[in-house]
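As a plain string of letters, each chain reads:
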Amino acid sequence: METNQKIETKEKYVYVIMTRTNTGFASLIRKIMRRQYNHASISFSKNLKEIYAFARYKHKNPFLAGLVKEYPERLTLKKKNNIACAIFKVPVSIGNYDKGLAKIKEIAEDSEEYLYNLFSVLSYPVTKGFSTYKAFSCSEFVA
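Here goes a summary of the coordinates provided. (Residues numbered from 1 in each chain as written. Predicted model: local features only at pLDDT ≥ 70, side-chain atom pairs only at ≥ 80, totals over all residues. Heavy atoms only, no water.)

**Details of the overall build of the chain**
Secondary structure assignment for the chain yields 5 helices and 7 strands. Taken from N to C terminus, the helices and strands of the chain fall in the order β-α-β-β-β-α-β-α-β-α-β-α. A burial count over the chain gives 36% of its 143 residues as buried. Within the chain, contacts between residues separated by at least 24 positions form 58% of all contacts whose residues are at least 6 apart in sequence. Accessible surface computed for the chain: about 9900 Å², of which carbon and sulfur atoms make up 55%. (Helix = DSSP H or I, 4+ residues; strand = E, 2+ residues; numbered from the N terminus. Buried < 20%, exposed > 50% of the residue type's maximum accessible area, 1.4 Å probe, protein only. Contact = heavy atoms within 4.5 Å. Areas by Shrake-Rupley, 256 points an atom, 1.4 Å probe, with all protein chains shown as cover.)

Spelled out as structure tokens, the structure:
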């Protein structure tokens, strides 16, 4: 007997977007980390309509940062050129999916300022990074 009931899956997907942004700081990060990409973002939707990252508000200030909504013009610094990227579809449990959305909401509603965890990024080759109160790098945020 055939049924038209939809079977609910026990996992969902998040989409991790890795990009190669074109700033001097990004170039430094790629050299230190020995990686092709220097920026990580996350989306909870297949169509990538809403992409979130923990990033500097202005690319010239390496400290003042927070939760930002990503869009192509931001990643290319409003230039018309393309940037290299890779998108990964990552299966997660429904619980972890909901926790991720809740964390984004918590950060968005928090009135305290956050900082970009610059020292963790720069010390990564030696210390493998470290966490700091109210500070993230983009990859720490996505993880």
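Don't stop here, the text continues.
**Things to note about the pattern of salt bridges**
In total, this model carries 2 salt bridges according to the counting rule given. Two residues, Glu-50 and Lys-69, come together in a salt bridge whose shortest N-O distance is 3.6 Å. Taken together, the residues Glu-50 in the loop between β2 (39-43) and β3 (51-56) and Lys-69 in strand β4 (residues 64-70) connect sequence positions 19 residues apart. With relative accessibility at 38%, the residue Glu-50 sits in the partly exposed group. (Salt bridge = Lys/Arg side-chain N within 4 Å of Asp/Glu carboxyl O.)

**Observations regarding the side chain of Ser-43**
Locating Ser-43 in the fold gives a position in strand β2. Here the side chain of Ser-43 touches Ser-45 through a polar contact of 3.2 Å, landing on its backbone oxygen. Among the polar contacts listed, one links the side chain of Ser-43 to the backbone oxygen of Glu-50, at a separation of 2.9 Å. Ignoring sequence-local partners within four residues, the contact set of Ser-43 consists of Val-14, Tyr-15, Ile-17, Leu-48, Glu-50 and Ile-51. (Polar contact = N/O pair within 3.5 Å; in protein donor to acceptor, adjacent residues only side chain to side chain.)

**What to know about the sheet that holds strand β1 (residues 11-19)**
By way of backbone hydrogen bonds, the strands of a sheet pair with one another, either parallel or antiparallel. The sheet built from 7 strands is open, its strands ordered β5-β1-β2-β3-β4-β6-β7 with mixed pairing. Only two strands of the sheet have a single neighbouring strand rather than two, namely β5 (85-93) and β7 (135-136). Taken together, the 6 bridges between β3 and β4 define a ladder with antiparallel strand orientation. The residue of β4 that forms the bridge with Ile-51 is Glu-70. (Pairing = 2+ DSSP bridges.)

**A look at the pairing of β3**
Of all 6 residues in β3, 6 are buried; the element is thus mostly enclosed. Two elements, β2 and β3, share 2 bridges in a ladder whose sense is antiparallel. Bridging from a neighbouring strand, Ser-43 pairs with Ile-51 of β3.

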